[in-house]
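# Results of the structural survey
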Amino acid sequence: ILSSYPLFESMHLKTVNSFFKQRGPILPADTSVVIIAIDDQSLNNLPAKWPFPGSYYGRLVRNLNKAGAKVIVFDVEFIETNADKPDEDFDFADAINEADNVILAGKIFYEKGKYGNQVGHVIRPNAWLLEHALSWGIVNSIEDSDGFLRRYFLFQFLNDQFYYPLAIEAYRYLHSATIPEEANLSGDEFIIGDRRIPKIDANTMMINFGGQPGNTFRTYSFCNILDDAQFQLNESEDTDIFANHLEWGTFKDKIVFVGATAEELWDNKFTPFYSFEGEHIKMAGVESHANALTTIMSGDFLHRTAPAIEYLVLLLFAVFAAICTIYLKPWMAILAVLAEVFALRYGGYYMFLQRGEVIDVTAPFLGIAFSFLGGLVYTIVIEQREKYRIRKIFQHYVSPAIVNKMLESDSLPEFGGERRNLSVLFSDIRRFSSFSEVNEPEFVVSRLSEYLTEMVSVIFKNDGTLDKFVGDEVMALFGAPYPYENHAERACRAGLQMLERLSTLQEKWSLESAQSFDIGIGINSGNALLGNLGSNQVFDYTVIGNEINLGARLEGANKVYQTSLLISENTYNLVKDNAIAREIDYAKVVGIQTPVRIFELCSMDTLPDLEQELKIDTFAEGLQLYRKRLWGDALKTFRRVLRYFPSDGPSRLYTIRCLDWIETPPPNEWDGIHELLQK
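Okay, so let's go over this structure. (Residues numbered from 1 in each chain as written. Predicted model: local features only at pLDDT ≥ 70, side-chain atom pairs only at ≥ 80, totals over all residues. Heavy atoms only, no water.)

Before going further, it helps to examine the pairing of strand β9 (residues 189-192). Pairing geometry for β9 and strand β10 (residues 195-198), over four bridges, is antiparallel. Residue pairing for β10: Phe190 is matched across the bridge by Ile197. Hairpin geometry of β9 and β10 is characterised by an intervening segment of two residues between the two adjacent antiparallel strands and by a positive phi of about 60° at Gly193. (Pairing = 2+ DSSP bridges. Helix = DSSP H or I, 4+ residues; strand = E, 2+ residues; numbered from the N terminus.)

It is worth spelling out the environment of Ala318 at this point. Structurally, Ala318 can be placed in helix α11 (residues 307-327). Residues Ala318 and Asn208, spaced 110 residues apart in sequence, show a C-alpha to C-alpha distance of 31 Å. Setting aside residues up to four positions removed in sequence, Ala318 forms contacts with Gly367 and Ser371. (Contact = heavy atoms within 4.5 Å.)

Moving on: the environment of Asn224. Examined against the element boundaries, Asn224 turns out to sit in helix α8 (residues 222-226). A relative accessible area of 17% places Asn224 in the buried class. When the C-alpha positions of Asn224 and Glu507 are compared, they lie 67 Å apart, and in sequence the two are 283 residues distant. Setting aside residues no more than four positions away along its own chain, Asn224 makes contact with Gln41, Ile241 and Phe242. A polar side-chain atom of Asn224 sits 3.4 Å from a polar atom in the side chain of Gln41. (Buried < 20%, exposed > 50% of the residue type's maximum accessible area, 1.4 Å probe, protein only. Polar contact = N/O pair within 3.5 Å; in protein donor to acceptor, adjacent residues only side chain to side chain.)

On to the side chain of Ser427, then. Tracing the backbone through its elements, the reader meets Ser427 in strand β20 (residues 416-429). Here the side chain of Ser427 touches Tyr451 through a polar contact of 3.3 Å, side chain to side chain. Excluding residues within four positions of it along the chain, Ser427 makes contact with Tyr451, Asp472, Glu473, Val474, Met498, Ile519, Gly520, Ile521 and Glu555.

What follows covers the packing of helix α16 (residues 441-461) against helix α17 (residues 487-511). Running from amino to carboxyl end, α16 crosses α17 at an angle of 150°, the nearest separation of the two axes being 9 Å. Regarding the angle of α16 to α17, the classification is roughly antiparallel. Helix-helix and strand crossings are classified by hand; for α16 and α17 the assignment is right-handed. Residues Arg447, Glu450, Tyr451, Glu454, Met455, Ser457, Val458, Ile459 and Lys461 of α16 lie in contact with α17, whose contacting residues are Ala494, Gln497, Met498, Arg501, Leu502, Leu505, Lys508 and Trp509. (Axes fitted to C-alpha atoms, helices over the stretch in contact; angles between N-to-C directions. Parallel < 35°, antiparallel > 145°, perpendicular 65-115°, else oblique. Left-handed = near helix turned anticlockwise from the far one by under 90°.)

Let's shift gears to the side chain of Asn268. Looking at the secondary structure, you find Asn268 in strand β14 (residues 268-269). On the accessibility criterion, Asn268 (16% relative accessible area) is buried. Side chain to side chain, Asn268 and Glu263 meet in a polar contact 3.0 Å long. Once residues lying within four places of it in the same chain are set aside, the contact partners of Asn268 are Thr261, Ala262, Glu263, Lys282, Met283 and Ala284.

Attention now goes to the nonpolar core. The biggest cluster of nonpolar side chains holds 47 residues, and the ones touching the most others in it are Ile168, Phe190, Ile192, Ile197, Phe257, Leu293 and Ile296. No other element matches helix α10 (residues 285-298), which puts six residues into this core. Ile168 has contacts with Leu154, Ile179, Phe190, Ile192, Ile197 and Ile296, leaving out every residue within four places of it along the chain. In this structure, Val34, Ala133, Cys223 and Ile225 belong to the second largest nonpolar core, which totals 45 residues. (Core = buried A, V, L, I, M, F, W, Y, C linked by side-chain atoms within 4.5 Å.)

As a further point, take the pattern of salt bridges. Applying the stated criterion across every chain, the model contains 26 salt bridges. Note that Arg493 is salt-bridged to Glu489, the shortest N-O span being 3.1 Å. Of this pair, Arg493 and Glu489 both sit in helix α17, four residues apart, roughly one helical turn. Since its relative accessible area comes to 26%, Arg493 is described here as partly exposed. Here the salt bridges share partners, and the residues they tie into one network are Asp144, Asp146, Arg150, Arg151 and Asp201. (Salt bridge = Lys/Arg side-chain N within 4 Å of Asp/Glu carboxyl O.)

A word on the packing of aromatic side chains. Per the stated rule, a full pass over the model turns up 44 aromatic pairs. Taken together, a centroid distance of 6.1 Å and an interplanar angle of 50° make the contact between Trp136 and Tyr163 tilted. Linking Trp136 in strand β5 (residues 135-138) with Tyr163 in strand β8 (residues 161-163), this pair joins segments that are 27 residues apart in sequence. Under the relative-accessibility criterion, Trp136 is labelled buried at 14%. Judged by centre distance (5.3 Å) and plane angle (55°), the rings of Trp509 and Phe517 are tilted. When sorted by exposure, Trp509 lands in the same class as Phe517, which is buried. Clustering of aromatic rings is evident, with ring pairs tying together Trp50, Phe52, Tyr56, Tyr57, Phe74, Phe78, Phe92, Phe222 and Phe231. Here Arg345 stacks its cationic end above the ring of Tyr346, 5.2 Å away from the centre of that ring. Between the NZ or CZ atom of Arg597 and the centre of the ring of Tyr586, over which it lies, the distance is 4.3 Å. (Phe/Tyr/Trp six-rings, centres within 6.5 Å; stacked < 30°, edge-to-face > 60°. Lys NZ or Arg CZ within 6 Å of the ring centre and 35° of its normal.)

The description of two helices packed together rests on the angle between their axes and the distance between the axes. As a packed pair, helix α20 (residues 609-627) and helix α22 (residues 649-663) sit with axes 12 Å apart at the nearest point and diverge in direction by 25°. Classed by the angle they form, the pair α20 and α22 counts as roughly parallel. Where α20 crosses over α22, the two elements pack in a sense that is left-handed. Contacts between α20 and α22 involve Phe619, Leu623 and Tyr626 from the first element and Pro650, Ser651, Tyr654, Arg657, Cys658 and Trp661 from the second.

So, on to helix α18 (residues 546-561). Taking 1.5 Å of rise per residue, 16 residues should cover 22 Å, and α18 covers 22 Å from first to last C-alpha, within 8% of that figure. Along α18, the sharpest kink reaches roughly 30°, centred on Glu555. Residues of α18 that are buried include every one of Ile548, Leu550, Gly551, Ala552, Arg553, Leu554, Glu555, Gly556, Ala557, Asn558 and Tyr561, and no others. Looking one or two places after α18, you find Gln562, whose phi comes out positive at around 55°. (Expected span 1.5 Å × (residues − 1). Bend = angle between axes of the 7 residues up to and from the residue.)

The following block contains the structure:
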């Protein structure tokens, strides 16, 4: 029942598409059918504009007839007569009469009637043309619920009369085939001559598409077939190429379909080969008629599997899944179910490829899923009840990520840790003590809670883990408790988003005439000891190590450089392909003897041109001059930055350093390393 709903029907249709694409083109291709395309080349190179005059089509028919075409099938509707230039229609009609192998196109148009019912109107070709044509066929198409063309009308029955599509009319002419009309109204097959075409529903067949649009049939531009010695294309394109086609026998004994392929003529369809080998190409309507005809001529039909067989497959697969789920261990049951799914998918493809059967695999898939899930319901209910109890106990003490890890591992926290490559983020409020002194405790708590809520939201959004709060300080981990490769990038994005979120809060607080504050953020990446650390009585899930200490020192270093977000060289090396940052110092931080390069992270996207030029490029130039002891030149460079960005902290700091070194130069062994004296 569920498999008949639109969602699952769409799954079935996508599976059918995958069968076509897995099979690929039918080889060898049918070379008896060719297409004359009214394409962009024709629209651009022909003197007359669309819609083309009848004389063009008359010349086309005469040239194709001269070239030996067996039958010419138009997927172009010639409905109205040309009252202004009747000679155009007469010329076309004469050409049709001379050729005596032309099939024209019409359609059935449906509209809503007076009482809401569908009323059909038959739109035949122009009577002048139809009088001389072999016959005419309808060009109506039928799309499945997902908008893809897979089926083809065998007939339409309206007002006690049968109307046949182009492919049927072409086949009837080519094989002098008769159609027992009354017999075809019912039954599972459509009979035309000696062909028995399996029906998909009451009046449609499934097209066995030969391959990717544009690659299945040899296709020639409409304008090139007109381009004989007596016809003038645009000067740069006129080559009289049709003479070559005559010489080569291009159209000798060929079935020729004529139709629009240019996108602006609105006759392109989605088909199973729409997305194939990385290309997304719609199929022209004329090519769908050609595919339908080749399907009929080859007898390589597609048909639905008998309902009884589909029900049997559903029952067998569902029962087998239920038995495996009940009697096997979970991991073995999963492997067995996956094997079932694999067998179902590739068994369906084998039936499609070898027998032309389109079996609905959606219902068996659902049967497997329900059987498997049904067998696990009891276990899941029991496990969830236990997990809920543990979550209620621990959720107020540790982060949600740690609770989830405990539940997934089915073990309570134990003392100990492991080495892990990760990133750590420290954030601290500037001058929070002063803020606390001048405001009431209730206001401080409320404002701090609002701020921390927003910051934690950003951390969680970027898959970070909140390690702890230390007063107004936030410590977050990225790449823990579960490892992932881009932990440094996520930490950097989180840091920038925290600053953006704080800016939004500051705007809101300014409207409330309330005092606000700024923050500093430090990020470092590297190996650290991660786990449940502490005493045997009380422990906490956290990290320790030299890299963690460096992250904390970088957060404090923002005070020295008057910046907001500093990252280490380790972090910069991991994100430099996606980040815009500037090196601002080579320094020793408190407690760490090895000097580190410190970077200010400016963006993970782009910067305005002026900011990129001055704060990044010009500042880097000044830093190089500074390290070469060219104090005067460096001073001018940093002042150039300050002229446009007077509040740029690093440029102000280096301006002061340059002035100091000019007055009192450093010793000759000075290596440019600066020692930070505060945390």
